[in-house]
Amino acid sequence: MYGRDPWGGPLEINATDSATDDDRSRNLQDLDRAALSRPLDETQQSWLLGPGEQKKKKKYVDLGCIIVSRKIFVWTVGTLLVSALLAGLITLIVKTVPRHHHRHSPPDNYTLALHKALMFFNAQRSGKLPKHNNVSWRGNSGLQDGKSDPSVLMKDLVGGYYDAGDAIKFNFPASFSMTMLSWSVIEYSAKYEAAGELNHVKEIIKWGTDYLLKTFNNTADTIDRIAAQVGIGDTSGGVSAPNDHYCWMRPEDIDYPRPVYECHSCSDLAAEMAAALASASIVFKDNKAYSQKLVHGARTLFKFARDQRGRYSAGGSDPALFYNSSSYWDEFVWGGAWLYYATGNSSYLQLATHPKLAKHAGAFWGGPDYGVLSWDNKLAGAQVLLSRLRLFLSPGYPYEEILSTFHNQTSIIMCSFLPVFTSFNRTKGGLIQLNHGRPQPLQYVVNAAFLAALYSDYLDAADTPGWYCGPNFYSTDVLREFAKTQIDYILGKNPRKMSYVVGFGNHYPKHVHHRGASIPKNKIKYNCKGGWKWRDTSKPNPNTLVGAMVAGPDKHDGFRDVRTNYNYTEPTLAGNAGLVAALVALSGDKATVIDKNTIFSAVPPMFPTPPPPPAPWKP
């Protein structure tokens, strides 16, 4: 069908067209009205333009690059303004309303005690003290050490640490102390970091190793002597000449001569010093130059130890009166293990795992002191240290035989620490008697607590739930519990309700056997005998020796807070080093585990050496 198109031409109206009327209406609305050249009548306008309300023009806002509907523009701007107003209001409320901070859980007792125990080393420093030493009653001292003895080769022996309540510098226990601290840093650097003490403990170690490097020719490959001790303390036979035990003086006021004891055959001392420098080289591995200096010194000392056999305290020398070494075989195993970790040189591991050396060190026999780690006997520590190698690297042949033996012996030592066994007695208050009731027990207890906690962490890291004591299986938690009970006893959970760490808790020793702490810093210089009045007074020390762990109670849990009885009240470097190691092992979150890899940073990849082929078969 055709109709008339008002603009000319036919207008086709086909009932069969696929487009509906509504479709046509929509299509017509798409026409460009500007193209309509002649006016339309009312009917045509209504047909083309649709309902009358569409005649009203929409209002737009020209933004330059785009044209936006005015309604949309107004709505958007309004939304932005309201949002800005709300944001400002919220900010104002947040800033003005008091906030409730989520406090971190308070530090545990072990962490609190750790802060204090480290401070003891600051109080024991000799030489020119750093400005941040943070012990107000201490000052520079021992600035003439080495220079005042014309007979010695090493003239600069300024620095290091005083051993205990006196002003003697003993290399033997001081070296052991630095080794223990370094071991604890290698294993638990994350815990030291969490406690905010990592830089502090590393500074303490470096103060010690810097001094040890002064006591021998550390640039040489071969040496023939070591300055083993500065100062003497022999008062036997009515000796009245001024020395470091006869006189009671502040270290800052010492004016008497301080002789230097040199040794020319001292395998035990040299091997222990080698262990200290080697372990510290791992602590300072990021400081390449210093770490290499420590390694070179350790190599030199260990060579001297093997070439010039002998005990440093032999012949009734002054060291024999205070730190008499029983043998040097345990130091060979200990020093060899640390040098292997520091260098990766398998010759040191071959030595440390040599069956004859292990036999001489006492690895195959018991004895009353078997398993007791101390400044004199390092075998228990060496066995734990080498069990670590077997647990995590499993080097196999030819080391497996002795490593397996050391591992088994370590298990036996750990069994001996448990209350169900009777290897060692305990006081009624629960303190293990590792020195069988002799005086000064705590230094042995803290070392055992450290080994137990550390070995527990080794087993956990190796996904081993426990170990066997005979037919019975014990979980790693039992070891950790032993360590906790012993350290808790030291911190105050004992029959006397007394903390044996000075400054920790409310009840602790006030009459510590310590010259510097017992004499007031009042600008008066007390001479050798003039200080005796401070030694003998019943008044508490005027200076608090923060963090010092005293010698400890007797076998009946008794304790006498008397300055003149050093068997109760004298602290030592070696004792505090073990305390620090045990505290950091127990501190913080148990989820913070040992560092499995750092100690092996210098060890090359290990592939077990195949055993030699069997002899040819002969019919």
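Residues numbered from 1 in each chain as written. Predicted model: local features only at pLDDT ≥ 70, side-chain atom pairs only at ≥ 80, totals over all residues. Heavy atoms only, no water.

- The name an unreviewed UniProt entry gives the chain is Endoglucanase, with Gossypium barbadense as the organism.
- The Sequence similarities (unreviewed entry) field of the UniProt record for the chain holds the comment "Belongs to the glycosyl hydrolase 9 (cellulase E) family."
- We quote the UniProt Catalytic activity (unreviewed entry) comment for the chain here in full: "Endohydrolysis of (1->4)-beta-D-glucosidic linkages in cellulose, lichenin and cereal beta-D-glucans." (UniProt positions renumbered as here; feature names shortened; annotations may be inferred.)

### Regarding the overall build of the chain
Item 1. Scanning the chain from N- to C-terminus turns up 20 helices and 9 strands.
Item 2. By the burial criterion, 50% of the 619 residues in the chain qualify as buried.
Item 3. Put simply, 73% of the contacts in the chain that link residues at least 6 apart link residues at least 24 apart.
Item 4. Carbon and sulfur atoms make up 56% of the accessible area of the chain, which amounts to about 30300 Å² in all. (Helix = DSSP H or I, 4+ residues; strand = E, 2+ residues; numbered from the N terminus. Buried < 20%, exposed > 50% of the residue type's maximum accessible area, 1.4 Å probe, protein only. Contact = heavy atoms within 4.5 Å. Areas by Shrake-Rupley, 256 points an atom, 1.4 Å probe, with all protein chains shown as cover.)

### Description of the packing of aromatic side chains
Item 1. Applying the stated rule across the entire model yields 30 aromatic pairs.
Item 2. Note on Phe172 and Tyr312: the rings are 5.0 Å apart at their centroids and 45 degrees apart in plane angle, and the pair reads as tilted. Here the residue Phe172 occupies a position in helix H5 (residues 171–195), and Tyr312 occupies one in the loop between helix H8 (288–307) and helix H9 (318–322), the gap between them amounting to 140 residues. We note that Phe172, like Tyr312, is buried. (Phe/Tyr/Trp six-rings, centres within 6.5 Å; stacked < 30°, edge-to-face > 60°.)

### Brief notes about unusual backbone geometry
Item 1. That bond from Tyr397 to Pro398 is cis: its omega, 5 degrees, falls within 30 degrees of zero.
Item 2. Looking at the secondary structure, you find Pro398 in the loop between helix H13 (379–392) and helix H14 (400–417).
Item 3. Phi is positive for His436, close to 55 degrees, though the residue is something other than glycine.
Item 4. Among the secondary structure elements, His436 is positioned in the loop between H14 and helix H15 (442–461).

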